[in-house]
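Structural description and commentary
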Amino acid sequence: MSNLGLRNKVLVFPFETDFSYVALVPQKDMALQAFTLCLRVATELPEERQIILFAYRTSDYDELNVWREKDGRVSFYMSGDGTFYHLPPLSTFRTSLCLTWESRTGLAAFWVEGKRSTYQVYKPGHSIRPKGTVLLGQDPDKHLGGLEATQSFVGELTDLNMWDFVLSRSLIQAWHYGHKIPKGNIFDWATIKYELSGNVMVVDDD
Amino acid sequence: MSNLGLRNKVLVFPFETDFSYVALVPQKDMALQAFTLCLRVATELPEERQIILFAYRTSDYDELNVWREKDGRVSFYMSGDGTFYHLPPLSTFRTSLCLTWESRTGLAAFWVEGKRSTYQVYKPGHSIRPKGTVLLGQDPDKHLGGLEATQSFVGELTDLNMWDFVLSRSLIQAWHYGHKIPKGNIFDWATIKYELSGNVMVVDDD
Amino acid sequence: MSNLGLRNKVLVFPFETDFSYVALVPQKDMALQAFTLCLRVATELPEERQIILFAYRTSDYDELNVWREKDGRVSFYMSGDGTFYHLPPLSTFRTSLCLTWESRTGLAAFWVEGKRSTYQVYKPGHSIRPKGTVLLGQDPDKHLGGLEATQSFVGELTDLNMWDFVLSRSLIQAWHYGHKIPKGNIFDWATIKYELSGNVMVVDDD
């Protein structure tokens, strides 16, 4: 069931389901005091529809969830209340989206097309716990279960990379423009280990 | 009545009518398992007005119709229910619009100004039937008849090209920017065979 | 308490408070018959929220206040009624904003991303009085007091510079693009003297 590497590939989630997802296997333990998560995403789901963009859950906690909320804001949550950003809307065209956070200061920002949002201070001192599961396409309300179609992702995801540190502005911009930057040490799209479940297509990126 | 070639020409449909259209004669049989259709279009019709952009009909079926719908979405239909896309609105400025579809996977996308919409999966395994008629400006509800002014096109169309395969991203972008790419093997604007009916003007493109 | 220099630093005001501000100490007396004030600002405060962007107050007067108003316009006030401009909305991404005014003609304009607004004629013959206090983050209703959370600034401010004359268009554009231009002779961000109060973070600009 386990596959390796998605270089120049796109994940297409063609329909709303409560059973289609992609599980990602990290290259290293996800005990994190900082991270950069980058991906490219396109969706035609209506603005008022909640959408899960990234879910990392351990048995008791939503460790790191990224959402597009009902009110159009983009948010992320680590073990409890989240923090919310007004960003340009997701659309049928691909948006390059990164999220950076570091525990020391709590500084957290989204980066859209290489441009940083206003910093917010979110959970300084917090740590993300290891030994959970990363899902794309669904939000598990418990570890590996409790999926809901009305929160599912429909559209395309590609080029997901994750680092256990905060990338500089110039590296995030370089990634946005498709230039080479240091490979993600948690997830590297070119060599990512993943498992498909349900109706998800792996399509050439062209 | 039949004319040849529209290089550097624009078709202007100045008024709302139920009798103005341009019939296009394909270079080859339109039995299709895949296609790329590109054109440039400008209209000032209000957002809530249905507009036919391209109609290919055989005696019993709307084989391939492209619409701007009442709700502003752009859609296409092959022999029955259609599929719908949220694209940037058509406007008084020219929009470059392509549509690609292949039967094998069903992957279907619009391309606006060279940027691809999110893929939708639409009628995998389907074939478009040959021996019909292509009209610009009107939607025939039966073969060569049943035209309605409230669905007609008003505005400008130019540079329509069609291929019986899916063009790559780089070729679609090259077409968008006006660079030379392989000629359409179904329709090639520079040498296209067409018949004018009613009030349609052929105008120099500048 | 007094600090020196903010080269490559950003002031982050993470929360709405009535006690967080940064006081700026000018390099010279602020008796002014003309000025250029430039800064970069990002905020996620809702459009209908009043926001103080810059406040210079003497004991009896608001000498020079710059606001984002409840109706979304950007305004400035010198000792009484203000003048109002329709500018592109402030957002989560950084906006480069300058303000120029000269007493001789009264010509006053905002510059957004290097582009000038329409001129307004505002208080020709007026002079700004010296010996006041400049605050970022709060609007003092009296000298050094009377702060209100609902007018406070939340977001990021950086690269604030001020000159006692009107910069040319080409210099303002050069500043916008981050090129070197003559240092502000009232405030120069690289060497600015400032005092932090309450919850304001000084963060590396990256």
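One can find the structure itself at the top, above this paragraph.
Computed from a predicted structure; not experimentally measured.

1. Here we look at the overall build of chain A
Counting its regular elements, chain A contains one helix and 16 strands. Whereas a compact globule of 206 residues would reach a radius of gyration of roughly 17 Å, chain A reaches 15 Å, a difference of no more than 12%. Dimensions of chain A along its principal axes, counting C-alpha atoms only, are 40 × 40 × 35 Å. Classification of the 206 residues of chain A by burial places 58% in the buried group. Contacts spanning at least 24 positions in sequence make up 69% of the contacts within chain A whose residues lie at least 6 apart. Computed over 21 positive and 25 negative side-chain charges, the inter-centroid distance for chain A is 7 Å.

2. Let's talk about helix α1 (residues 169-176) of chain A
Residue and element names in this part refer to chain A. Looking at α1, one finds that the buried residues are Ile172, Ala174, Trp175 and His176. The elements touched by buried residues of α1 are β4 (34-42), β9 (95-102), β10 (107-112) and β14 (155-163). Directly beyond the C-terminal end of α1, a positive phi value near 85 degrees is found at Gly178.

3. Side note on the interface of chain C and chain A
Contact with chain C, which involves 16 residues of that partner, is made by 18 residues of chain A. With both chains or domains summed, chain C and chain A bury close to 1300 Å², and 56% of this area falls on carbon and sulfur atoms. The largest per-residue losses of area from chain C upon contact with chain A belong to Glu44(C), Phe93(C) and Asp206(C), which jointly make up 49% of the total buried on that side. Here chain C is connected to chain A by two salt bridges. Across the pair Glu156(C) and Arg116(A) runs a salt bridge whose closest N-O atoms are separated by 2.6 Å. Those elements that provide at least two residues to the side of chain C that touches chain A are β14 (155-163) and β16 (201-204) of chain C.

4. Observations regarding the interface of chain A and chain B
Each partner contributes residues to the interface: chain A has 16 residues there, and chain B has 18 residues. For the pair chain A and chain B, the number of links is two salt bridges. As a salt-bridge pair, Asp205(A) and Arg169(B) come within 3.5 Å of each other at their nearest N and O atoms. Counting across the interface, chain A meets chain B through six residue pairs in polar contact (both at pLDDT 80 or more). Contributions of two or more residues to the side of chain A that touches chain B are made by β14 and β16 (201-204) of chain A. In terms of residue class, the side of chain A that touches chain B is made up of seven nonpolar, four polar and five charged.

5. A short note on the state of the cysteines
Residues and elements named next belong to chain A. With the rule as written, the count across this model stands at three disulfides over all chains. A disulfide bridge connects Cys38 with Cys98, and the sulfur atoms are separated by 2.1 Å. Handedness here is read from the sign of the S-S torsion; for Cys38 and Cys98, about 110 degrees, the answer is right-handed. Here Cys38 is found in strand β4, whereas its partner Cys98 is found in strand β9, with 60 residues between them in sequence. According to the relative accessible area criterion, Cys98 is buried, its value standing at 2%.

6. Things to note about the layout of surface pockets
One simple way to see leftover space: roll a probe sized like a water molecule over the atoms. Estimated volume of the largest pocket: approximately 1000 Å³. Taken together, 41 residues line the largest pocket, and the ones lying closest to its centre are Arg40(A), Asp159(A), Trp175(A), His176(A) and Gly178(A). Contributions of two or more residues to the lining of the largest pocket are made by β4, β9, β14 and α1 of chain A together with β11 (115-116) and α1 (169-176) of chain B. Here the lining of the largest pocket takes five residues from β14(A), the largest share from any one element. Broken down by class, the residue content of the lining of the largest pocket amounts to 13 nonpolar, 14 polar and 14 charged. As a volume, the second largest pocket reaches approximately 660 Å³.

7. Observations concerning the pattern of salt bridges
Using the criterion set out here, one finds 34 salt bridges over all chains in the structure. With its nearest N and O atoms 2.5 Å apart, the salt bridge here joins Lys28(A) to Asp164(A). Placement of Lys28(A) in the loop between β3 (21-25) and β4 and of Asp164(A) in the loop between β14 and α1 is noted, with a sequence separation of 136 residues between them. Each of Arg94(A), Glu156(A), Asp205(A), Arg116(B) and Arg169(B) takes part in a single network of salt bridges with overlapping partners.

8. Thoughts on the relation of the copies chain A and chain B
It takes a turn of 90 degrees to lay chain A on chain B, together with a shift of 0.1 Å along the axis; the resulting RMSD is 0.0 Å. The transformation just described matches what one would write down for a four-fold rotation axis. Considering only C-alpha atoms, the part of chain A nearest the rotation axis is Pro88(A), at 10 Å.

Calculation rules
- Residues numbered from 1 in each chain as written.
- Chains lettered and ligands numbered in written order.
- Predicted model: local features only at pLDDT ≥ 70, side-chain atom pairs only at ≥ 80, totals over all residues.
- Heavy atoms only, no water.
- Helix = DSSP H or I, 4+ residues; strand = E, 2+ residues; numbered from the N terminus.
- Rg over C-alpha atoms; globule rule 2.2 N^0.38 Å.
- Buried < 20%, exposed > 50% of the residue type's maximum accessible area, 1.4 Å probe, protein only.
- Contact = heavy atoms within 4.5 Å.
- Lys, Arg positive; Asp, Glu negative; His and termini not counted.
- Charge placed at Lys NZ, Arg CZ, Asp CG, Glu CD.
- Buried area = accessible area lost by both parts, 1.4 Å probe.
- Salt bridge = Lys/Arg side-chain N within 4 Å of Asp/Glu carboxyl O.
- Polar contact = N/O pair within 3.5 Å; in protein donor to acceptor, adjacent residues only side chain to side chain.
- Nonpolar A, V, L, I, M, F, W, Y, C, P; charged D, E, K, R; others polar.
- Disulfide = S-S within 2.5 Å.
- 1 Å grid on protein atoms, 1.4 Å probe; cavity = no way out; pocket = protein on both sides within 12 Å on 5 of 7 lines; lining within 4 Å.
- Points joined across faces, edges and corners; volume = space filled by probe spheres on them.
- Least-squares fit on C-alpha atoms with pLDDT ≥ 70 in both.

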